[in-house]
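Geometric and topological summary
These are the residues of each chain, in order.
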Amino acid sequence: MHHSTKVVNMAGDSGTISYDVFISTEPAPEGICSSYDGDVHIWLSDTPAQHMISIFVQSKWVVWNPSRALRVRLADAFVYPTPCKFTGMKYVASETEFLQESKGVPKDAITLAYLIAIDAGVKGTGGSTDYLIPPVSRSNTALDKGKGREVDFEMAGIEPHFTVEEGDVSMEHDHENLRGTSVYLFGVNYRRLLAHPQISSNPAASTLDWSAHGISTVTQWTCKKDAVATAFMANSRKASEVNHHYRMLVELGSHGKPLRELHRDIRQALAQGTAVLVHGWGPEQAMKFGLEDIREYRPPLSQTIKWQDASERAKLFKMPPSARSYVNQIVEGSLHRFVLASVDPKSCWNCLDLPSLIPDIPPFLRGILDDRMAMMTTGTEAYVTAKGQATKGDCSGLNGLQLMHFDAWRSCAWDVMTHGGFLTYPHHDATGFLTYSYIRTGAKLWAYIHLDDVNEFDSNDVAAKWNAYYKHPMATETYDKNVVVGTVLLEKGAVLIQPPGVNHMVYTPVPTVMSGGHFLTYETMHLTEMALTLDFGLGKEDIQHAMNALHPGTLRKVYCMVIALPTLVLEQPLFHERCIIALASIVSTDPLSFGVDEYEEGVRLKAKDALSAELAGERARALHIMGAVLVKWNITDPWNEMRKGLWRDPGPLKDISFLGLL
């Protein structure tokens, strides 16, 4: 976009200057450029925190710090770029004017880049719920100096609206890149509204401010209890600011650090029970929440799926607990029907765990998926005998696992599709697994939940208080009892990784497609063991409140992780002591204690089934390996040993290279 503007100095003298504004999804180019001093380059990154404004000064692009005066020679005069609450940036004639004009104006690059983009004419058409500014197509036309150089954007669709907190002034834009930021214009606080236009335009819709993240959402409308719980989330602090007993969340960047160091930082945080938000990565395939894009991403739309219905769930509250049948909230229909209903205020649905067998895996995750690594490490080993008693090498001629329940694969990667307005009640994920999640389109708001008053050195006290929390049907009556809460806004461009057993609730403000998967790591086996102990110490009804799903494939992966140890220790002999004891505790516990056969997700195996025999053989091998550890460390009861000390302490590193002899 070409600008011509009049600059007036303190003496009243004026002159006209010209400069060009470039808007790009790439950083300003280095090296020889065809730009001129005073030209402006806006980098709109997929990660808004990386948005950057650069100004061409003396033959190179210089990153602009709006808080400092930058002198630029433009034509025959020196001028200074200054933050502007209307257009994002303007030039003034002196440093004194810079100081005067910039008072009370936002000085962060995210806000100013947004305003400059609006002034440059970045527009949206259609009905997208993809809340970034990724251009679907763009053309760069270089023109002679004086005629200007332009960048034309064809946007993917309508972006979220802005609303005004006070007064009767209103303003709507079809763009957004202010993640976690409020915009102050004319002295009024504008918050980004995360809501589908067809939902937010409903006369009955009201908005809910999330001040910690600088956004607003539509208040949950299907159930009063859900609305109250969502308001409780909205008034909470950011999870990264909560350090009650231990840190709730750490935020890391995926660029500028060797992958090995990033793996180390992620593992260390997870080992302490701390969730990790990694910025700077998103899936390559752009999409909107619509029939065309979802058909392209995971056909066919005619497939039958199951989902939770918030309205049906709300009806359960009108019944006595003994009369509630949680199956009634589950509805079956086509994916086509689910997608179309996302703009209907009468429909508020959530579809969990759609298997995704062709997943996108962030590169920084590949090095910490220890359950996958273990299965690859033992890929040539098999433990199948008629009696289920196998040692290494007994099954010559068999190459690796012979049979596998589909859940062991399904749990690795899945998609979650959710309508705007759906609240997932307090729970923790999936039978002791860790979880990673990222957004393809839309957004989600996590509320992590830590116990407030608890003796962390008494596992029984921890278990008793979590059991009490989930004892109340659906946990919506106790979501705020004896807990400390912190929230996370997850949008495209970041990956959220959470440890085993981390309790949370999730609000989805807009139609959203989220991808992710479950996995296990050696550093968090003490948390997996604790989660399994808590889950299967609950009654059948309470366990359905505590977890969002049950995965019978967990034990199979734990057995593989133990069987892989004699090979792994040949290169890396140091493992956390309590994590190894936790492995011993899990494999030495009767598998029926962790059984899920009586639930819908159960394997329903019979003792003589071939898969049962293979599982028994793998467990026998795992017991043999763990038996060597228990003898070496003089431990007779690993389960009771795990009940000692700080429940989330992985323990010191210990050398277990002696397992290499097995």
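A brief look at the structure comes next.

**Here we look at the overall build of the protein chain**
Of regular secondary structure, the protein chain possesses 18 helices and 33 strands. Counting over 662 residues, the protein chain shows a buried share of 56%. Counted over contacts in the protein chain with a minimum sequence separation of 6, partners at least 24 positions apart contribute 74%. Accessible area for the protein chain stands at about 27900 Å²; split by element, carbon and sulfur atoms hold 51% of it.

**Notes on the sheet that holds strand E20 (residues 275–279)**
Read across the open sheet, the 9 strands follow the order E19-E20-E29-E26-E31-E24-E23-E21-E22; overall the sheet is mixed. Sheet topology places strand E19 (249–253) and strand E22 (330–334) at the edges, where each strand pairs with a single neighbour. Put simply, the sheet's adjacent strands are angled 25° from each other on average, direction ignored. Bridge analysis of strand E23 (residues 349–355) against strand E24 (residues 414–418) gives 4 bridges, and the strand direction is antiparallel. Bridged to Asn350 within E24 is Thr418. Sheet strands in contact with helix H5 (residues 259–271) are E19, E20, strand E26 (434–441) and strand E29 (494–498), and its direction is about 175° off that of E19.

**Focus: the pattern of salt bridges**
Per the counting criterion, the structure on display carries 18 salt bridges. For Lys90, the salt bridge is made with Glu101, and the minimal N-O distance between the two is 3.0 Å. Of the two residues, Lys90 is situated in strand E8 (residues 88–92) and Glu101 in helix H1 (residues 95–101); the sequence distance between them amounts to 11 residues. The salt bridge partner of Asp415 is Arg298, with a shortest N-O separation of 2.7 Å. With Asp415 in strand E24 and Arg298 in the loop between helix H6 (291–297) and strand E21 (304–309), this pair connects stretches of sequence that are 117 residues apart. Salt bridges here are not isolated pairs; linked through shared partners, they connect Lys257, Arg264 and Asp265.

**Points about the sheet that holds strand E16 (residues 237–238)**
Hydrogen bonds between backbone atoms are what pair the strands of a sheet, whose relative direction is either parallel or antiparallel. Reading across from one edge, E16-E28-E27-E30-E25 is the order of the 5 strands in this open sheet, with mixed pairing throughout. On the outer flanks of this sheet lie E16 and strand E25 (422–427), each paired with one strand and no other. Judged from the 2 bridges that link them, E16 and strand E28 (residues 483–490) form a sheet pairing that is parallel. Looking across to E28, one finds that Arg237 is bridged to Gly486.

**Concerning helix H13 (residues 525–535)**
Residues three or four positions apart in an α-helix share a direction because the helix packs 3.6 residues into each turn. For H13, the tally of buried residues reaches 10 of 11 residues, placing the bulk of the element in the interior. For H13, every residue scored as buried is listed here: Met525, His526, Leu527, Thr528, Glu529, Met530, Ala531, Leu532, Leu534 and Asp535.

**Some thoughts on a nonpolar patch on the surface**
There is a patch of nonpolar side chains on the surface, built from Leu357, Ile358, Met404, Phe406 and Trp409 and spanning about 550 Å² of accessible area. Tracing the sequence through the fold places Leu357 in the loop between E23 and helix H9 (363–366).

**Quick notes on the nonpolar core**
With 34 residues, the main nonpolar core has Trp210, Met233, Leu423, Ile449, Val462, Trp466 and Met505 as its most contacted residues. Where this core is concerned, the elements lending two or more residues are strand E14 (207–210), helix H4 (224–234), E25, strand E27 (444–451), helix H12 (459–471), E28, strand E30 (503–508) and H13. With 5 residues, the top contributor of residues to this core is H12. By size, the runner-up hydrophobic cluster in this structure holds 33 residues, among which are Val562, Ile581, Val629 and Ile635.

**Remarks on helix H10 (residues 370–377)**
Those residues of H10 lying buried are Asp370, Asp371, Arg372 and Ala374. Structurally, H10 contributes buried residues whose contacts are with H5, E26, strand E31 (512–519) and helix H15 (554–568).

**Remarks on the packing of H13 against helix H16 (residues 577–588)**
When two helices pack together, their arrangement is captured by the angle between the axes and the distance separating the axes. At a minimum axis distance of 7 Å, the contact between H13 and H16 shows a crossing angle of 35°. By crossing handedness, the relation of H13 to H16 is classed as left-handed. Here H13 contributes Met525, His526, Thr528, Glu529 and Leu532 to the contact with H16, which in turn contributes Arg578, Cys579, Ala582, Leu583, Ser585 and Ile586. Broken down by class, the residue content of the contact of H13 with H16 amounts to 6 nonpolar, 3 polar and 2 charged.

**A look at the environment of Gly379**
Locating Gly379 in the fold gives a position in the loop between H10 and helix H11 (406–410). With 185 residues separating them in the primary sequence, Gly379 and Ala564 have C-alpha atoms 9.5 Å apart. The contacts of Gly379, once residues within four sequence positions are left out, are Asn399 and Gly400.

Conventions adopted
Residues numbered from 1 in each chain as written. Predicted model: local features only at pLDDT ≥ 70, side-chain atom pairs only at ≥ 80, totals over all residues. Heavy atoms only, no water. Helix = DSSP H or I, 4+ residues; strand = E, 2+ residues; numbered from the N terminus. Buried < 20%, exposed > 50% of the residue type's maximum accessible area, 1.4 Å probe, protein only. Contact = heavy atoms within 4.5 Å. Areas by Shrake-Rupley, 256 points an atom, 1.4 Å probe, with all protein chains shown as cover. Pairing = 2+ DSSP bridges. Axes fitted to C-alpha atoms, helices over the stretch in contact; angles between N-to-C directions. Salt bridge = Lys/Arg side-chain N within 4 Å of Asp/Glu carboxyl O. Patch = residues over 30% accessible without salt bridge, like charges linked within 9 Å, V, L, I, M, F, W, Y side chains within 5 Å. Core = buried A, V, L, I, M, F, W, Y, C linked by side-chain atoms within 4.5 Å. Left-handed = near helix turned anticlockwise from the far one by under 90°. Nonpolar A, V, L, I, M, F, W, Y, C, P; charged D, E, K, R; others polar.

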